Amino acid sequence: GSVFLNLIKFSVPLIFSSILQILFNTADRIVVGQFCEPAAFSAVTSTSSLINLLVNLFTGLSIGTNIVAANYYGARRKKEIQDTVHTSILLSIYSGIILTVVGIILAKPILIAMGAQDEFLDLAVIYLRIYFGGIIATMIYNFGSAVLRAKGDTKRPLYILTIAGVINFLLNLFFVIVCKMSVDGVGLATVLSQVFACIAVLIILKREKDDFHLDLKKLKINTHIFHKIIKVGLP
């Protein structure tokens, strides 16, 4: 078929997925801005640039997975596809654990270095630590969806993220309006919505009947593929 039309068909869901990931933090700001004290809005807003940086980091690393898996898929190298799938998921788990520990410990120093003001610093630290607490789920979703995109499937990751976005917004309203929570409520909503996205992409991969099938018992780091993912994704 038409190369141009296939490019559009592939890229449009990818574009919307990237926008949706950034909008999670925006939804949090909208809800706390409407229903919480001004300090809560300032706290969530002060974390936006750091969260956007993390989103771009995840996207970059997952592109490494996407390209490596796609190369093997095009070459019909079945074993390498399988190794890439399992290496990627395990890499996302390890990366998430490291980011969780580092983020929770360094949340306050990072915010101070970014110039967060004292009147909302504590609230910003709470929000950021909760966000980092769910970073493993975000990493798994990003790497899992990158694996799916390697064979041209950009729609299902978008569907998952769309549902997760709706869950995030509804839980924001529930925790803030009904439960009378503040930044902790919107932070928890974000984490729970990302957990949904993580579980959904894992279920899809486990149900795949081709070489992209995920078997949790086979999770193992292939050092050669690991180096290729980092070499491509980190730049």
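As the structure is a prediction and not an experimental result, all values here were calculated from the model. (Residues numbered from 1 in each chain as written. Predicted model: local features only at pLDDT ≥ 70, side-chain atom pairs only at ≥ 80, totals over all residues. Heavy atoms only, no water.)

### Some remarks on the pattern of salt bridges
Phase 1 of the analysis: Tallied over the entire structure, the rule returns six salt bridges.
Phase 2 of the analysis: Its salt-bridge partner being Asp210, residue Lys151 comes within 2.8 Å of it at the nearest N-O pair. Placement of the pair is Lys151 in the loop between helix H6 (135-149) and helix H7 (155-178) and Asp210 in the loop between helix H8 (183-207) and helix H9 (223-233), with a sequence separation of 59 residues.
Phase 3 of the analysis: A single salt-bridge network, built from bridges that share partners, covers Lys151, Asp153, Arg156, Glu208 and Asp210. (Salt bridge = Lys/Arg side-chain N within 4 Å of Asp/Glu carboxyl O. Helix = DSSP H or I, 4+ residues; strand = E, 2+ residues; numbered from the N terminus.)

### Remarks on the nonpolar core
Phase 1 of the analysis: Counting residues in hydrophobic clusters, the biggest one holds 58 residues, and the most contacted among them are Leu111, Leu128, Ile160, Val186, Val201, Leu202 and Phe212.
Phase 2 of the analysis: Not counting the four nearest positions on each side in its chain, Leu202 is found in contact with Ile89, Ile140 and Leu214. (Core = buried A, V, L, I, M, F, W, Y, C linked by side-chain atoms within 4.5 Å. Buried < 20%, exposed > 50% of the residue type's maximum accessible area, 1.4 Å probe, protein only. Contact = heavy atoms within 4.5 Å.)

### Some details on the state of the cysteines
Every disulfide links exactly two cysteines, by a covalent bond between their sulfur atoms.
Phase 1 of the analysis: According to the stated counting rule, one finds zero disulfides in the structure shown.
Phase 2 of the analysis: Its sulfur unpaired, Cys36 is 12 Å from the next cysteine sulfur, which belongs to Cys179.
Phase 3 of the analysis: Owing to a relative accessible area of 16%, Cys36 belongs among the buried residues under this scheme. (Disulfide = S-S within 2.5 Å.)

### Re the packing of H6 against H7
Phase 1 of the analysis: Where H6 meets H7, the closest approach of the two axes is 8 Å, and the angle between their N-to-C directions is 150°. Taken together, the axes of H6 and H7 are roughly antiparallel relative to one another. Residues Tyr141, Ser145, Leu148 and Arg149 of H6 touch H7, and the partners they reach there are Arg156, Pro157, Leu158, Ile160 and Leu161.
Phase 2 of the analysis: Grouping the constituent residues of the contact of H6 with H7 by class yields six nonpolar, one polar and two charged. (Axes fitted to C-alpha atoms, helices over the stretch in contact; angles between N-to-C directions. Parallel < 35°, antiparallel > 145°, perpendicular 65-115°, else oblique. Nonpolar A, V, L, I, M, F, W, Y, C, P; charged D, E, K, R; others polar.)

### Remarks on the packing of aromatic side chains
Phase 1 of the analysis: Counted according to the given criterion, the structure contains three aromatic pairs.
Phase 2 of the analysis: Ring centres of Tyr73 and Phe212 lie 5.3 Å apart, and the angle between their planes is 70°; on these two criteria the pair is classed as edge-to-face. On the criterion of sequence distance, the pair formed by Tyr73 in helix H3 (residues 48-75) and Phe212 in the loop between H8 and H9 is long-range, its members being 139 residues apart.
Phase 3 of the analysis: For Tyr73, a relative accessible area of 39% puts it in the partly exposed group.
Phase 4 of the analysis: With a centroid separation of 6.5 Å and an interplanar angle of 80°, the aromatic rings of Tyr131 and Phe132 are classed as edge-to-face. Like Phe132, Tyr131 is buried. (Phe/Tyr/Trp six-rings, centres within 6.5 Å; stacked < 30°, edge-to-face > 60°.)

### Points about the layout of surface pockets
Phase 1 of the analysis: Reported here for the largest pocket is a volume of approximately 210 Å³.
Phase 2 of the analysis: Looking at the largest pocket, it is lined by 13 residues, and the ones nearest its centre are Leu14, Thr59, Ser62, Ile63 and Arg149.
Phase 3 of the analysis: Residue assignment for the lining of the largest pocket shows that the elements contributing at least two residues are helix H1 (3-35), H3 and H6.
Phase 4 of the analysis: Here the residues of the lining of the largest pocket are counted per class, giving five nonpolar, seven polar and one charged. (1 Å grid on protein atoms, 1.4 Å probe; cavity = no way out; pocket = protein on both sides within 12 Å on 5 of 7 lines; lining within 4 Å. Points joined across faces, edges and corners; volume = space filled by probe spheres on them.)

Everything listed is a geometric property; what it means functionally is a separate question.
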